[in-house]
Amino acid sequence: MSYDAHNIYYRFDDHLSRLVLDYEASRRVDENSDRLYHDIPSEEYSEDLFRTHNVKRGLRNADGSGVVAGLTRISDVHGYNVVDGRVVPDEGHLILRGYDIEDLIENAQKEDRFGYEEVAYLLITGELPTTSELDDFNGRLGAYRHLSSEFVRQFPITTVSPSIMNALQRAVLLLYAFDSDPDSITPEHEVDVAISLLSRLPRIAAFAHTFRSAQASGSRPSVPIPEPGFSTAEAILQILRGEDGYTRAEAMLLDVMLMLHAEHGGGNNSTFACRVLSSSATDAYSAYAAAIGSLKGPRHGGANAKVVAMHEDIRAHVTNWEDEDELAAYLEKILRRQAFDGSGLIYGMGHAVYTLSDPRAVLCKRYARGLAHAKGMGEEFELIERIEKLAPQVMADVRGTTKPICANIDLYTGFIYKMLGIPDTLFTPLFAVARTAGWAAHRMEELICAHRIIRPAYRSVLESGDYVPLAERKGRRECLAG
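What comes next is a walk through the structure. Throughout this description, residue numbers start from 1 for each chain and increase along the sequence as written. pLDDT decides what is reported in this predicted model: residues at 70 or higher carry local features, side-chain atom pairs at 80 or more are listed and counted, and totals for whole chains, interfaces and linings draw on all residues regardless. With hydrogens and water stripped out, all remaining heavy atoms of the structure feed into the side-chain values.

### Some details on the overall build of the protein chain
We count it as follows: In DSSP terms, a helix is any run of H or I states spanning at least four residues, a strand is any run of E spanning at least two, and both are numbered starting from the N terminus. Taken over C-alpha atoms, the radius of gyration is set against a globule rule of 2.2 Å times the number of residues to the power 0.38. Three exposure classes are used, based on accessible area relative to the maximum for each residue type with a 1.4 Å probe and protein chains only: buried under 20%, partly exposed in between, and exposed over 50%. Here, residues are in contact when the closest pair of their heavy atoms is within 4.5 Å. Only the protein chains shown count as cover for residues, with accessible areas throughout obtained via the Shrake-Rupley method and a probe of 1.4 Å. Charge assignment: positive for Lys and Arg, negative for Asp and Glu; neither His nor the chain ends contribute. Each charge is placed at NZ for Lys, CZ for Arg, CG for Asp and CD for Glu.
Counting its secondary structure elements, the protein chain contains 20 helices and 5 strands. For 482 residues, the compact-globule estimate of 2.2 N^0.38 gives 23 Å, and the protein chain sits close to it at 24 Å. Dimensions of the protein chain, computed from the C-alpha atoms along their principal axes, are close to 75 × 55 × 50 Å. Burial statistics for the protein chain: of 482 residues in total, 46% are counted as buried. Restricting to contacts in the protein chain with at least 6 residues of sequence separation, those with at least 24 account for 74%. On the protein chain, roughly 25,100 Å² of surface is accessible, and the fraction owed to carbon and sulfur atoms is 50%. Computing the positive centroid from 51 side-chain charges and the negative centroid from 69, the protein chain places the two 4 Å apart.

See the structure below:
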């Protein structure tokens, strides 16, 4: 049984055409708009200026560590120790509410059960659930998973976008209209909103992908009715794999990915964005939409798609994947901006906090290896392992860096999603789906424990000017003519 969405899937092409025409009309550049488009202040601020004014660029200290902006009991991202004022590299650990992520994942896998819901409960409440508490939590998620017919009627046309992340943002804001008391910030309402988004966002993301694909192919979108008792991982694969189905091993691996992405400290950009908005006491939907917008950026959650593209480029240009010398030489070309996208970056390597290891990458590799060989993708998996092995030394040779460089989770996530048959347009949206649990925990902590709006300061380096009457001002061309 499925939703027949034909009655709501109407004239997307006309709608998009109007948007494109309006946008193109607004972009016409003539003499009067020349300065508007070409004289935007664009001079970069030098590092000396930041040092002179003692400004922490990007809220980072000189040694690369983050400026401490608050306190949290939710999680800890450990990658180094500070000894006598020096940063000393250490093995990475991700601690959620006092529990190591490795222990949480390994115990769920050992008991052959899905663990993401347990992690979400832990993040929100601060305690591991009992069997009955977890059953109740899963029941609540299942009850919210079905999307109302009114929402489904409005959702596709209001979220037409080439970006599923953009669709997620708009869908979250649309859910505000379906809440009887959307501006409430009581703990009970916050929990209800968190459960609503944890259960609905996976289906909304899949909806957005399905409608976009149907639009491209001219077919009717169809989304199955949610199965009672499905885990979040199963609910996602049910929609994406359709009649092709999926194995329990695939669902369990996706569950591991959701657990690894559920939370990563309050200092990451999207979580901080969520906390900044929450500190103003705005509604939950606005705060979560802002977090999704942050995660979309290629410097944050959007990086995983770049890793996949880089792997494809390496496979195409390295003839012998087992030849470490040939692979290292091509990685050097990437670093020297002579190959791939010209950025000089080996995507998936390095992290702001982790130094010797990223525990999430370690766990990704551990649980992906078996499925990769079972699917006949073992050679690709081993190529990624060689990139992880060789890249740190190549980066040290080319750039002269002395800081330890380890693989981050992005090195493996795209490959894992590819094995699971998940389209690349959904890589970052699934990151957002999982991270909603962490965002919810941080929003509640900000509302309940902090009680102060986050308002950092910016040092002005503005130069003064003399006001010129409107009639005496010259346009761009007059200035150029002297």
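Read on, since the account is not over.
### Here we look at the sheet that holds strand E3 (residues 86–96)
Definition in use: DSSP calls a pair of strands paired once it identifies at least 2 bridges connecting them.
Read across the sheet, 3 strands follow the order E2-E3-E4 without closing on themselves; strand pairing throughout is antiparallel. Edge strands, defined here as strands with exactly one partner in the open sheet, are strand E2 (75–83) and strand E4 (99–100). Taken together, the 8 bridges between E2 and E3 define a ladder with antiparallel strand orientation. Each residue of the ladder has a partner; that of Asp76, found in E3, is Ile95.

### Side note on the nonpolar core
Stated precisely, the cut-off is as follows: Residues belong to one nonpolar core when they are buried, are Ala, Val, Leu, Ile, Met, Phe, Trp, Tyr or Cys, and are joined through side-chain atoms within 4.5 Å.
Of all hydrophobic cores here, the largest spans 122 residues; its most connected members are Tyr288, Ile314 and Leu331. Here the element with the most residues in this core is helix H9 (residues 187–217); it accounts for 12 residues. Apart from the residues lying within four places of it in its own chain, the contact partners of Ile314 are Leu327, Tyr330, Leu331, Ile334, Leu383 and Ile387.

### Describing the packing of aromatic side chains
Geometrically, a pair of aromatic rings is defined through the distance of the ring centres and the angle of the planes. Operational definition: In this scheme Phe, Tyr and Trp rings, the latter by its six-membered ring, pair at centre separations within 6.5 Å, and the angle between planes marks the pair as stacked below 30 degrees, edge-to-face above 60, and tilted otherwise.
Per the counting criterion, the structure on display carries 8 aromatic pairs. Ring centres of Tyr45 and Phe50 lie 6.5 Å apart, and the angle between their planes is 90°; this geometry places the pair in the edge-to-face category. Between Phe381 and Phe415, the ring centres sit 6.1 Å apart and the planes meet at 45°, which makes this aromatic pair tilted. Taken together, the residues Phe381 in helix H17 (residues 378–399) and Phe415 in helix H18 (residues 410–419) connect sequence positions 34 residues apart. Comparing Phe381 with Phe415, the two get one shared label, buried. Chaining the aromatic ring pairs together yields one cluster made of Phe381, Tyr412 and Phe415.

### Some words on unusual backbone geometry
The general pattern is negative phi for most residues beyond glycine and trans for most peptide bonds. One non-glycine residue, Arg337, adopts positive backbone phi at about 65°. For Arg337, the position within the fold is in the loop between helix H15 (324–335) and helix H16 (359–374). Take Arg337: its relative accessible area is 56%, and that puts it in the exposed class. Even without a glycine there, the phi angle at His451 is positive, about 60°. Summarising the element assignment, His451 is placed in the loop between helix H19 (427–450) and helix H20 (476–480).

### Comments concerning the layout of surface pockets
A water-sized probe, rolled over the atoms, reveals where empty space remains. Rules: A 1.4 Å probe that fits into a set of points on a 1 Å grid over the protein atoms alone but cannot get out defines a cavity; an open set with protein on both sides within 12 Å along at least five of seven lines defines a pocket, and lining residues are those with an atom within 4 Å of a point. Grid points are joined across faces, edges and corners, and a volume is the space filled by probe spheres set on the points. For this classification, the nonpolar set comprises Ala, Val, Leu, Ile, Met, Phe, Trp, Tyr, Cys and Pro, the charged set comprises Asp, Glu, Lys and Arg, and every other residue, Gly included, is treated as polar.
If you add up the space inside the second largest pocket, you get close to 310 Å³. Forming the boundary of the second largest pocket are 19 residues, of which Asn138, Arg145, Gly229, Phe230 and Ser231 lie nearest the centre. For the lining of the second largest pocket, the secondary structure elements donating two or more residues are helix H5 (116–125) and helix H6 (131–145). No other element matches H6, which puts 7 residues into the lining of the second largest pocket. By residue class, the composition of the lining of the second largest pocket is 7 nonpolar, 6 polar and 6 charged.

### Observations regarding H16
Stated precisely, the cut-off is as follows: How far a helix is expected to stretch is found by multiplying one less than its residue total by 1.5 Å. In this scheme, the bend at a residue equals the angle between the axes fitted to the seven residues that finish there and the seven that begin there.
Taking 1.5 Å per residue as the helical rise, H16 with its 16 residues ought to reach 22 Å, and the 24 Å between its terminal C-alpha atoms agrees with that figure. Considering bend angle alone, the principal kink of H16 is centred on Ala368 and spans about 40°. Residues Pro359, Arg360, Ala361, Leu363, Cys364, Tyr367, Ala368, Leu371 and Ala372 constitute the buried set of H16. Tucked inside the fold, the buried residues of H16 contact E3, helix H4 (101–110), helix H11 (248–261), H17 and H18. Downstream of H16 by a residue or two, Gly376 has a phi angle that is positive, lying close to 75°.

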